[in-house]
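Listed below are the residues making up each chain.
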Amino acid sequence: MNEKFLNDLLSAGIRRGEVRFELTDTVVDSILEHPAPEAINASKARVQWKLQLRLQDAAIAAARNEVSEHSIPFGRFVEAVRERAGITRAEIAQRIRKPEQFVQRIERGDLKPVEVPVPDLANIVCVFNIKIPAIRQMIAASVAAADEKVNYRAAARSHGGRRHDARGEDVERALDAFALNMRQKKYPTAATQIPLHVEAYVAKVQIELARLRRNDLLV
Amino acid sequence: MVDRLLSHLILFICQFGEIAEPDAEEIASDVLWSAHQSIQKFRYGGSAKLTTWIFEIAKNRAIDFLRKAASSPEYVEVTETASVSGEDAARYAGKNKELLSWLNEQLSSLREDDQNLLKWRALGFAYAQIASWLGISEVNARVRYKRALDKLINAGNMVLSKDTTNE
């Protein structure tokens, strides 16, 4: 038996939890006092990013319970959850690797979900954990609201109103709700009918989610 | 606080378990997340500081990681093959549990400071660092380490010679 053998046995025992090893305040304070090598900074940044994602995911999960998925346009749902979770558009944009403007356009409905490339929409769906049935309903609501809003936008412009991209967020939200309401009054059965092009788009989203191994969202 | 702690936490996990940096990152992120989730369980003014509590979680997570790795079929126990070589290989084969229980018994006969000295050295901490934790000089730490080690080696050799005689 020699020093190396004993040290290896001891370290193996500690690492398996079979030899008691306790950390004290003195030891930890001393570890923290020593400057860490700069080489570890890249690791540090990656862990910070992972933690940030976890915090955002937890905030989104909590916020999702407060926002109804029923008959709400996709963009408005994303906006409502994001705001309740206290996450900025820039943070969402960073997660899905798109410019902030892209998130804003989706939220406002300036960009219909069916016009968004499928991988980009799938990334948003993954961040917000939206399941396929809800996606279908929300995209249908987005399309309905966008189609209906076209009439009101034209009317507003002809009466000296601002361009839609110059109007405030609250006005846009109110207009969305109003447009959806009017749509439901005009076509009472439309809410249950999903347009064919929406179905086709959702099918592609399904394939993309399966590719991303997010089978939990396909249920 | 996370900023101050993170680099040291990753380094500690790497050193404690000889764990590769990407795995240490994953463990560090788990540690900080679970500390964040269960912060209400920490008792301020209790037996340890918050930082020590977090490092304890890190130590336990590293042990869990190593146990999990050891139970996976692809795992090859490098430590054992590396430590027990040549003539000793046959002598100690399959005796890991017995050896560890013998070691625990021997450690308990030493003073607590000497036990810690041996354990920290086994994990690769420097004499200077250990000496500052124990509040002694580096030379003193080396001498005490040598004495404690010799005591264990002698005890070990005595057991081995008994075993050989019985065989």
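None of these values were measured; they are calculated from a predicted model.

1. Section: the overall build of chain A
- From N to C terminus, chain A includes 10 helices and zero strands.
- In chain A, the order of α-helices and β-strands from amino to carboxyl end is α-α-α-α-α-α-α-α-α-α.
- Across its three principal axes, chain A shows a C-alpha extent of roughly 90 × 35 × 30 Å.
- For chain A, the proportion of its 219 residues judged to be buried stands at 32%.
- Sequence separation of at least 24 residues holds for 75% of the intrachain contacts in chain A that already meet a minimum separation of 6.

2. Examining the overall build of chain B
- Helix and strand counts for chain B come out as nine helices and zero strands.
- Overall, chain B shows an N-to-C arrangement of helices and strands of α-α-α-α-α-α-α-α-α.
- In chain B, which comprises 167 residues, the share counted as buried stands at 26%.
- Looking at chain B alone, contacts between residues at least 24 apart form 51% of all its contacts between residues at least 6 apart.

3. Quick look at the domain arrangement of chain B
- Partitioning chain B into structural domains gives domain 1 (2–75) and domain 2 (93–166).
- Centre-to-centre, using C-alpha coordinates, domain 1 of chain B lies 25 Å away from domain 2 of chain B.

4. With respect to the packing of helix H1 (residues 3–15) of chain A against helix H7 (residues 112–122) of chain B
- Packing of H1 of chain A against H7 of chain B leaves a shortest axis separation of 8 Å and a crossing angle of 90°. By the criterion of interaxial angle, the relationship of H1 of chain A to H7 of chain B is roughly perpendicular. Between H1 of chain A and H7 of chain B, the residues in contact are Asn-7, Leu-10, Ser-11 and Ile-14 of chain A and Leu-118, Lys-119, Arg-121 and Ala-122 of chain B, respectively.
- Partitioned by chemical class, the residues of the contact of H1 of chain A with H7 of chain B number four nonpolar, two polar and two charged.

5. Notes on the interface of chain A and chain B
- The interface is formed by 39 residues belonging to chain A together with 48 residues belonging to chain B.
- Of all the secondary structure elements, the ones that give two or more residues to the side of chain A that touches chain B are H1, helix H2 (25–33) and helix H3 (41–64) of chain A.
- By residue number, the principal contributor to the side of chain A that touches chain B is H1 of chain A, which donates 13 residues.
- Classifying every residue of the side of chain A that touches chain B gives 18 nonpolar, 10 polar and 11 charged.

6. Things to note about the environment of Pro-37 of chain A
Residues and elements named next belong to chain A.
- Relative to the assigned elements, Pro-37 resides in the loop between H2 and H3.
- Pro-37 gets classed as exposed once you count the C-beta atoms within 10 Å, which come to 9.
- Counting along the chain gives 143 residues from Pro-37 to Leu-180, while the straight-line C-alpha distance between them is 58 Å.

7. Description of the nonpolar core
- In terms of nonpolar packing, the biggest core is built from 44 residues, with Leu-9, Ile-10, Ile-13, Ala-28 and Ala-58 of chain B touching the most fellow members.
- Looking at which element gives the most residues to this core, the answer is helix H1 (residues 2–17) of chain B, with nine residues.
- Both domains that meet at this core, namely domain 1 (2–75) and domain 2 (93–166) of chain B, each give it at least three residues.
- In contact with Ile-13 of chain B, other than residues within four places in its own chain, are Ile-19, Ala-24, Ile-27, Ala-28, Ala-58 and Ala-62 of chain B.
- If you look at the next biggest cluster of nonpolar residues, it comprises 36 residues, including Ala-85, Val-103, Ile-124 and Ile-130 of chain A.

8. What about unusual backbone geometry?
- Positive phi is not limited to glycine here, since Arg-213 of chain A has a value of about 60°.
- Secondary-structure assignment places Arg-213 of chain A in the segment after helix H10 (196–211).
- You will see that Glu-18 of chain B, though not glycine, has its phi angle at about 50°, which is positive.
- Here Glu-18 of chain B lies in the loop between H1 and helix H2 (21–37).
- Overall, Glu-18 of chain B belongs to the partly exposed group, with 16 C-beta atoms counted inside 10 Å.

9. So, the environment of Ile-130 of chain B
Residues and elements named next belong to chain B.
- With respect to the element layout, Ile-130 can be found in helix H8 (residues 127–134).
- We classify Ile-130 as buried; it has 24 C-beta atoms within 10 Å.
- Along the sequence, Ile-130 and Trp-120 sit 10 residues apart, while their C-alpha atoms lie 7.2 Å from each other.
- Those residues in contact with Ile-130 that lie beyond four places of it in its chain are Leu-117, Trp-120, Arg-121, Phe-125 and Ala-141.

10. Here's the deal with helix H4 (residues 74–85) of chain A
Residues and elements named next belong to chain A.
- Taking 1.5 Å of rise per residue, 12 residues should cover 16 Å, and H4 covers 17 Å from first to last C-alpha, within 8% of that figure.
- Counting buried residues in H4 gives nine out of 12 residues, a clear majority hidden from the surface.
- Those residues of H4 lying buried are Phe-74, Gly-75, Arg-76, Phe-77, Val-78, Glu-79, Val-81, Arg-82 and Ala-85.
- Of the residues one or two after H4, Gly-86 is the one with positive phi, at around 70°.

11. Considering the confidence of the model for chain B
Residues and elements named next belong to chain B.
- Averaged over every residue, the pLDDT of chain B is 83; the share at 70 or more is 83%.
- Model confidence for chain B, summarised as mean pLDDT per element, is weakest for helix H4 (residues 78–83) at 45 and strongest for H2 at 93.
- In the model, residues 78–86 has pLDDT below 50 throughout and makes 12 contacts with residues more than four positions away in sequence or in other chains.
- For this predicted complex, the interface confidence reaches an ipTM of 0.81, while the overall pTM sits at 0.74.

12. What about the environment of Met-1 of chain B?
- Looking at the secondary structure, you find Met-1 of chain B in the segment before H1.
- Linking Met-1 of chain B and Thr-51 of chain B, residues 50 residues apart in sequence, is a C-alpha distance of 9.1 Å.

What counts, and at which threshold
- Residues numbered from 1 in each chain as written.
- Chains lettered and ligands numbered in written order.
- Predicted model: local features only at pLDDT ≥ 70, side-chain atom pairs only at ≥ 80, totals over all residues.
- Helix = DSSP H or I, 4+ residues; strand = E, 2+ residues; numbered from the N terminus.
- Buried ≥ 20, exposed ≤ 12 C-beta atoms within 10 Å, placed from the backbone.
- Contact = placed C-beta atoms within 7 Å.
- Domains from an automatic or database assignment.
- Axes fitted to C-alpha atoms, helices over the stretch in contact; angles between N-to-C directions.
- Parallel < 35°, antiparallel > 145°, perpendicular 65-115°, else oblique.
- Nonpolar A, V, L, I, M, F, W, Y, C, P; charged D, E, K, R; others polar.
- Core = buried A, V, L, I, M, F, W, Y, C linked by C-beta atoms within 7 Å.
- Expected span 1.5 Å × (residues − 1).
- pLDDT = per-residue confidence, 0-100.

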